[in-house]
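Coordinate analysis (summary)
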Amino acid sequence: MKLKEISLLLNGRLQGDPELEIHGVNGIEEAMEGEITLLSHKKYLGKLGKSKCSAVIAPLETNAGINRAVIYVKNPYLAFARLLEAFYPPKEEVPHVSPRSAVSESATLGNGVRIYPMVYVGDGATIGDRSVLYPGVYVGDNVKIGDQSVIYANVSIYPGTVIGNRVAIHSGTVIGSDGFGYVVDEQGKRKKVPQVGRVVIEDDVEIGANTCIDRATIGETRIRKGVKLDNLIQIAHNCTIGEDSVMAAQVGISGSCHVGKRVMMGGQVGVADHVEIGDDVMVAAQSGVPSDLEGKQIYAGSPTIGHGSWRRAQMALPKLPDLIKKVRALEKLIEKPGNNA
Amino acid sequence: MKLKEISLLLNGRLQGDPELEIHGVNGIEEAMEGEITLLSHKKYLGKLGKSKCSAVIAPLETNAGINRAVIYVKNPYLAFARLLEAFYPPKEEVPHVSPRSAVSESATLGNGVRIYPMVYVGDGATIGDRSVLYPGVYVGDNVKIGDQSVIYANVSIYPGTVIGNRVAIHSGTVIGSDGFGYVVDEQGKRKKVPQVGRVVIEDDVEIGANTCIDRATIGETRIRKGVKLDNLIQIAHNCTIGEDSVMAAQVGISGSCHVGKRVMMGGQVGVADHVEIGDDVMVAAQSGVPSDLEGKQIYAGSPTIGHGSWRRAQMALPKLPDLIKKVRALEKLIEKPGNNA
Amino acid sequence: MKLKEISLLLNGRLQGDPELEIHGVNGIEEAMEGEITLLSHKKYLGKLGKSKCSAVIAPLETNAGINRAVIYVKNPYLAFARLLEAFYPPKEEVPHVSPRSAVSESATLGNGVRIYPMVYVGDGATIGDRSVLYPGVYVGDNVKIGDQSVIYANVSIYPGTVIGNRVAIHSGTVIGSDGFGYVVDEQGKRKKVPQVGRVVIEDDVEIGANTCIDRATIGETRIRKGVKLDNLIQIAHNCTIGEDSVMAAQVGISGSCHVGKRVMMGGQVGVADHVEIGDDVMVAAQSGVPSDLEGKQIYAGSPTIGHGSWRRAQMALPKLPDLIKKVRALEKLIEKPGNNA
């Protein structure tokens, strides 16, 4: 691609030779001659100086100090994403159903599906148009998968699960396993509560690797449109995750929680059961949420408090041992009459 | 089912039309006409008012305010579990061994087993009567699985593992992988300690999805009768988990721990190696257990302390920055002679 | 093996009958007559007293109180590892490629490989000499695996991944899934950043079960020589983990982190994105690392501080509620003029 074509694609402002040929995209440290890279922030100008790249995408405000061809854009990350799409278009694959898969005769396969070897598709399942099942995928009875969804290798989808369009589920993830529900019976023994509900995953959801989403006891566990879940996340039975919410790796959401829209959670956050989290909440990594959180706030800590309070408390914490000594000293001073009079 | 039959089944006290036909069980918000739901607590009476359900199971003490047919019971959750069993009996499946599985000729299969496509069963393995292996299950050499156990899709069971009767293991779980054991050799390099022990899982254990239980270095990692483990849990080499203990998702137990009977752990708890935990201990979510815990107590925090102390300390923590200021003010007052005299 | 042979193998000092026949190795509590065990530390002398073992490996400094045949060695754990290797040599298996696997015609298989049933090997993949792929392994297109590597059941390796020699990857682990990268577009919707980089795993790395290592957005996620990762770990896109570093279970490393050499992390540690961690750092279990860590130090807490400071602060924390009361009392005393004069 010529630089002028890239600039047009990204709706950018070009500074440099418009006829320059760019044949690849790479990181600022890895980029070689003929490649374009991203300057995400002014602070990396030093790295750019040493880079062998031939061109760079930079934020509008970086108006100095770049001794390379530059395309200035409003949102460099977005431009970079578009550039990667242009340079690495998804490989066109031929539709096929491997004879080494095991697809039930009562399953319905859409047009242009790809079903790799070692896939199992159960009775009454439906796979939508142009969806892909990689090797080792298990699709239980009566599962519905929409169009253009990609299920990566060794994913397990339990019977009755409903998955929308343009969903991606990465390897090892488990959808629809039993919720963790027991009651103690008259003999004091733990008895399993049958888990007869299901999981519904709406359109445009992306789920990472080795994540678990449990089926509802009755009713539904529902992951709404546009949710993005990272790896190794636990979503327990009967939860609802609101539209466009995002969770980093190793988050754990207990049973019957309702998470609002556009909520963002850092890694390793834990949420107790039956908690409601308002829209646009942000929860810092490793926080523990014991009870409902009001919308549009930032929380941190375990148990969670406002992020500012948490930060100040954590900064103060190492001073506590000294503080105890100081208070003891003050007490002594005051106990001795006349000492500080 | 008629309401009078349900009442009889649950040993409840019926108020309303005994001949009413009930054709389903559902959540309080989802239930429709002709369905029965659960009122688990008085505080949900408001939701019940708006529910379209025809009948409700309620605790004995809820003696007012229900404008529906009611079955009063002592333990509503237990009653609900029984009702779900009655309305959703496990589907009867025909025993079969798929020709698309790979079962060793030296393996022993019990009566009425179901072995789905893409299953691998190694040399000398034994599968008990009416046990089920879902697609993608790997059963290593010389594994023993008892009767009526269900191994869900894509579970991996390493050679030599012993699994009891009526055990359920959910998808993606790994049983018997190597313990994490290394020693530093004379050259300062980490050398693997061969992991030659095994995992034993006793009767009536249930294990969630994507959980890991490592084999012992030598001897056994043992999960005792009735233990319930949720998803994404780590049990390291040489641990023993005592009878009827319960762990929520993402708990991590380090090597050589001994956990007592009826211990309950919240989600994301971590336990250091070689720790002994007494019977009937409860550990709050996200706690970190650095050393032995005495039985019958409730612990919280990282490192764990008594739950009450932890709670008070956490409530006090946000006041710490102010406290530091107050002490500084006091010090100033006292340092200046005559100031507060 | 005779005791004198074992002593020779371990370069130890033998005390007892050199002709004694030892036929097994076992734990101190499990060992029976004819077996040898390990006394790792003097404090277990009591357990040794009750053990039925016939011989024991003990540290040089334990020069008294052992009423058994003893082999004194400098490093008992290392000796024990060697002994296990001698007593439990890896089973010799016949090389084979199962006809029930699906290996692409364009894949290259080395000498002496073992490929079990239900394995998938994609186009252009290379499997080195004497490497093993257990059932259910997925090897994507153009993956390179070196010599003598063992990939356990149901591991998923995405296209383009490079794996070195003598690498072990345990069941359920996912290598090369998409990094978790999104940008918000002009319509305010989250747009996926194509993840076109790869994962490189160098020689002598061992990875536990159900761990996830994401591919780089562009460039590489790299796990350097000799790294040991436990189970259920998350390594995000574009990270580098330095030589011989070790991470316990459930650690989570966010995107673009650079971890130094010989770093050790306890279980459930979390590291924020773009963090650099120096060589020889130790991070205590459950810590949260928000920013760069200087080398050769021990850290703890969330956010991490020096381990000593953290320990003192945690010991002091339960005293905080009392401290608040004390300060209030002091304030009252001082507020009232003449009270303490």
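Here's a quick rundown of the structure. Remember, it's a predicted structure, so these values are computed and weren't measured experimentally.

**Re the interface of chain B and chain A**
On the side of chain A, 70 residues touch chain B, which itself brings 58 residues to the contact. Between chain B and chain A the total buried area reaches about 4,800 Å² when both faces are included, carbon and sulfur atoms providing 63% of it. For the pair chain B and chain A, the interface holds 5 salt bridges. With its nearest N and O atoms 3.0 Å apart, the salt bridge here joins Lys191 of chain A to Glu85 of chain B. One can count 26 residue pairs in polar contact (both at pLDDT 80 or more) joining chain B with chain A. Breaking the side of chain B that touches chain A down by element, the ones donating at least two residues are α3 (76-87), β26 (228-229), β29 (246-247), α4 (307-316) and α5 (320-335) of chain B. Broken down by element, the residue count for the side of chain B that touches chain A peaks at 8 residues, all from α5 of chain B. Taken together, the residues of the side of chain B that touches chain A sort by class into 34 nonpolar, 15 polar and 9 charged.

**Concerning a nonpolar patch on the surface**
Residues and elements named next belong to chain A. Together, Met264, Met282 and Ile298 make up an exposed nonpolar region whose accessible area comes to about 250 Å². Within the secondary structure layout, Ile298 lies in strand β37 (residues 298-300). For Ile298, a relative accessible area of 46% translates into the label partly exposed.

**Points about empty space enclosed by the protein**
Applying the stated criterion across every chain, the model contains 5 cavities of 30 Å³ or more. By volume, the largest cavity amounts to about 130 Å³. What lines the largest cavity is a set of 21 residues, and nearest its centre among them are Gly136 and Asn154 of chain A, Gly136 of chain B together with Met118 and Gly136 of chain C. Within the lining of the largest cavity, the residues separate by chemical class into 15 nonpolar, 6 polar and no charged.

**Details of the relation of the copies chain B and chain C**
When chain B is fitted to chain C, the best match, at an RMSD of 0.1 Å, comes from turning it 120 degrees and sliding it 0.0 Å along the axis. What the rotation and shift describe, once combined, is the action of a three-fold rotation axis.

**Quick look at the packing of aromatic side chains**
In the structure shown here, the tally under the stated rule is 21 aromatic pairs over all chains. Each ring, one from Tyr134 of chain C and one from Tyr152 of chain C, has its centre 5.3 Å from the other, and the planes form 5 degrees; the classification is stacked. Residue Tyr134 of chain C is located in the loop between β12 (132-133) and β13 (138-139), and its partner Tyr152 of chain C is located in the loop between β15 (150-151) and β16 (156-157); the two are separated by 18 residues in the primary sequence. Residue classification places Tyr134 of chain C among the buried residues on the basis of a relative accessible area of 15%. In this structure an aromatic cluster arises from ring pairing among Tyr116, Tyr134 and Tyr152 of chain A together with Tyr120, Tyr138 and Tyr158 of chain C.

Cut-offs applied
- Residues numbered from 1 in each chain as written.
- Chains lettered and ligands numbered in written order.
- Predicted model: local features only at pLDDT ≥ 70, side-chain atom pairs only at ≥ 80, totals over all residues.
- Heavy atoms only, no water.
- Contact = heavy atoms within 4.5 Å.
- Buried area = accessible area lost by both parts, 1.4 Å probe.
- Salt bridge = Lys/Arg side-chain N within 4 Å of Asp/Glu carboxyl O.
- Polar contact = N/O pair within 3.5 Å; in protein donor to acceptor, adjacent residues only side chain to side chain.
- Helix = DSSP H or I, 4+ residues; strand = E, 2+ residues; numbered from the N terminus.
- Nonpolar A, V, L, I, M, F, W, Y, C, P; charged D, E, K, R; others polar.
- Patch = residues over 30% accessible without salt bridge, like charges linked within 9 Å, V, L, I, M, F, W, Y side chains within 5 Å.
- Areas by Shrake-Rupley, 256 points an atom, 1.4 Å probe, with all protein chains shown as cover.
- Buried < 20%, exposed > 50% of the residue type's maximum accessible area, 1.4 Å probe, protein only.
- 1 Å grid on protein atoms, 1.4 Å probe; cavity = no way out; pocket = protein on both sides within 12 Å on 5 of 7 lines; lining within 4 Å.
- Points joined across faces, edges and corners; volume = space filled by probe spheres on them.
- Least-squares fit on C-alpha atoms with pLDDT ≥ 70 in both.
- Phe/Tyr/Trp six-rings, centres within 6.5 Å; stacked < 30°, edge-to-face > 60°.

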